[in-house]
Amino acid sequence: MGTDDAEDADEEEFTGVDICVIATYTYNNGEVSANFVYFEENLRKQGLKGKVYGVVGSGDKEYHSDTYCFAAEIFNEDFQQAGTKKGHDVLKIDNKADEKDKEALKEFVSSLTNA
């Protein structure tokens, strides 16, 4: 499996891989984007026990502090319900990403591949 845009993603593709990664943004008032709703609703129903997962969320801390990266937390819960093993804590990146965020992404990838 490679990478898919949200509207093309199929949660069943995760059954054929060892590491599952979601990179998402939070829409509106703390919701999963409309393109990802069907995927998100079905993710927790997949048989993913024993697989490693990681979630990256982007958001805007300044304007949406109450719902900052909330969609990433929703996916984190879905993966836990699907029986997967967390390879790294949810990585939250503000829309104003900087070098520190790039380093955090490298650590994220390293943690997943070492899990």
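Please read these numbers as outputs of a predicted model, since none were measured by experiment.

Visitor: Describe the packing of aromatic side chains, listing the residues and the values that go with them.
Guide: The relative placement of two aromatic rings is captured by the distance of their centres and the angle of their planes. What the rule picks out here adds up to six aromatic pairs. An angle of 75° between the planes, with centres 5.9 Å apart, marks the rings of Phe14 and Phe39 as edge-to-face. Here Phe39 lies in helix α1 (residues 37-43) and Phe14 lies in the segment before β1 (19-27), a separation of 25 residues in the sequence. Here Phe14 matches Phe39 in class, with each residue buried. Between Phe36 and Phe39 the ring centres are 5.2 Å apart and the planes differ by 35°, which places this aromatic pair in the tilted class. For the residue pair Phe36 and Phe39, the accessibility class agrees, reading buried in each case.

Visitor: Talk me through the nonpolar core; I want residue IDs and the actual numbers.
Guide: Among the nonpolar cores identified, the biggest contains 20 residues, and Phe14, Ile22, Phe39, Leu43, Val55, Phe75 and Phe79 are the most heavily contacted of them. Those elements that place two or more of their residues in this core are β1, α1, β3 (52-59) and α2 (70-81). With five residues, α2 is the single largest residue contributor to this core.

Visitor: Give me the lowdown on the pairing of β1, citing residues and values where you can.
Guide: Only one face of β1 is buried: it carries Cys20, Ile22, Thr24 and Thr26, and the other face, with Ile19, Val21, Ala23, Tyr25 and Tyr27, is open. Bridge count between β1 and β3: seven bridges; the pairing is parallel. Pairing of Tyr25 across the sheet is with Ser58, part of β3. Sheet analysis places β1 next to strand β2 (residues 31-32), joined by two bridges and oriented antiparallel. What sits directly across from Thr26, in β2, is Val32.

Visitor: Residues and numbers for the environment of Glu31, please.
Guide: Mapped onto the fold, Glu31 is located in strand β2. A C-alpha to C-alpha distance of 8.5 Å links Glu31 and Thr67, two positions 36 residues apart in sequence. Not counting residues up to four positions away in its chain, the partners in contact with Glu31 are Tyr25, Thr26 and Ala71.

Visitor: Outline helix α3 (residues 99-114), listing residues and values.
Guide: With 16 residues, α3 ought to run about 22 Å at 1.5 Å a step, and its terminal C-alpha atoms sit 23 Å apart, in line with that. Taken together, the buried positions of α3 are occupied by Asp101, Phe108 and Leu112. End-on view of α3: buried residues confined to an arc of 25°, all on one side of the axis. Facing away from the buried side of α3 by over 90 degrees, the exposed positions are Glu99, Lys100, Lys106, Thr113 and Asn114. Lining the buried residues of α3 we find β1, β3 and β5 (91-94).

Visitor: If you had to explain α2 to someone new, which residues and values would you point to?
Guide: The end-to-end C-alpha separation of α2 is 17 Å, in line with the 16 Å expected for twelve residues at 1.5 Å each. Every buried residue of α2 is accounted for by Ala71, Ala72, Ile74, Phe75, Asn76, Asp78 and Phe79. Buried-residue contacts for α2 involve β1, β2, α1, β3 and β4 (85-86). Backbone geometry just after α2 places Gly83 at a positive phi near 85°.

Conventions adopted
Residues numbered from 1 in each chain as written. Predicted model: local features only at pLDDT ≥ 70, side-chain atom pairs only at ≥ 80, totals over all residues. Heavy atoms only, no water. Phe/Tyr/Trp six-rings, centres within 6.5 Å; stacked < 30°, edge-to-face > 60°. Helix = DSSP H or I, 4+ residues; strand = E, 2+ residues; numbered from the N terminus. Buried < 20%, exposed > 50% of the residue type's maximum accessible area, 1.4 Å probe, protein only. Core = buried A, V, L, I, M, F, W, Y, C linked by side-chain atoms within 4.5 Å. Pairing = 2+ DSSP bridges. Contact = heavy atoms within 4.5 Å. Expected span 1.5 Å × (residues − 1). Arc of directions from axis to C-beta.

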